[in-house]
Amino acid sequence: MIRTIQLTDAKAIRDISEVSLGYKTTEAVTKLQIEKLLQNTEHFIRVYEDDATHTVAGFIHAEAYQLLYNEPGFNILGLAVLPEYQHRGIGKQLLQAVEAEAAARNYRFIRLNSGEHRMEAHTFYEHCGYTCTKLQKRFIKEW
């Protein structure tokens, strides 16, 4: 079942982020972020919960993408499914949830970035109707 993320999902989201995406963080940080983002209507976050086991096995996180030179859309910030739940249509269901919300908001596009090495993810996105429009480098400055 696809549902809105809850604070009680923090551990599962932390685990999925580490196992499926390679991002390490703490449950406490994840819980704080969920709490903050749930209050912001610019963010759309859904999880997939297995009906039989009640295991949160995947999530999608999108944010409104507003530009001066284009109509609004969604930017997918994260989509991940636990390895043992992959190839069951869960990722597609999560994408469809974002697509339905984008349509409801009259958004004109959904964009996402996917690491160069994530070839299986690229094939998945293409299978779902997404096209690669450019290659780029990412720059970041931290403090």
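The structure we're discussing is the one just above.
Here the residue numbers are simple positions, counted from 1 along each chain's written sequence. Only residues with pLDDT of at least 70 are given local features in this predicted model, and only at 80 or more are side-chain atom pairs given and counted; all residues enter the totals for whole chains, interfaces and linings. Side-chain measures here rest on the full set of heavy atoms in the structure, leaving out hydrogens and waters.

**Focus on the side chain of Thr30**
Put simply, the rule reads: Where helices and strands are cited, they refer to DSSP runs of H or I of at least four residues and of E of at least two residues respectively, numbered from the N terminus. Exposure classes here rest on a 1.4 Å probe applied to the protein chains alone. A residue is buried below 20% of its type maximum, exposed above 50%, and partly exposed in between. Throughout, a residue-residue contact means that at least one pair of heavy atoms, one from each residue, lies within 4.5 Å.
Checked against the element boundaries, Thr30 lands in helix α2 (residues 27-38). For Thr30, a relative accessible area of 9% puts it in the buried group. For Thr30, the contacting residues outside a window of four places in its chain are Ala10, Ile13, Arg14 and Thr25.

**Considerations on the packing of aromatic side chains**
Using the following cut-off: Any two of the Phe, Tyr and Trp rings considered here, Trp counted by its six-membered ring, make a pair once their centres fall within 6.5 Å; the pair's planes then place it as stacked at under 30 degrees, edge-to-face at over 60, or tilted in between. Either the NZ atom of lysine or the CZ atom of arginine qualifies as a charge over a ring when it sits within 6 Å of the ring centre and within 35 degrees of the ring normal.
One pass over the full model with this rule turns up 3 aromatic pairs. Both rings, one in Phe44 and one in Phe74, keep their centres 6.0 Å apart while their planes meet at 40°; by these two values the pair is tilted. On the criterion of sequence distance, the pair formed by Phe44 in strand β2 (residues 43-49) and Phe74 in strand β4 (residues 70-81) is long-range, its members being 30 residues apart. Residue Phe44 shares its accessibility class with Phe74, and that shared class is buried. Both rings, one in Tyr65 and one in Phe109, keep their centres 6.1 Å apart while their planes meet at 85°; by these two values the pair is edge-to-face. One end of the pair, Tyr65, is in strand β3 (residues 56-67); the other, Phe109, is in the loop between α3 (90-104) and β5 (110-112), and 44 residues separate them in sequence. Residue Tyr65 is classed as partly exposed on the basis of its relative accessible area of 24%. Within the aromatic cluster, the residues linked to one another by ring pairs are Phe44, Phe74 and Tyr107. Taking NZ or CZ as reference, Arg88 lies 4.7 Å from the ring centre of Tyr85, over its face.

**Some details on the state of the cysteines**
Such a bond, covalent and formed between the sulfur atoms of two cysteines, is termed a disulfide. Put simply, the rule is: Only a pair of cysteine sulfur atoms within 2.5 Å qualifies as a disulfide here.
On inspection of all chains with the given rule, the structure shows 0 disulfides. No disulfide involves Cys128; its sulfur sits 15 Å from the nearest other cysteine sulfur, which is in Cys132. For Cys128, a relative accessible area of 19% corresponds to the buried category.

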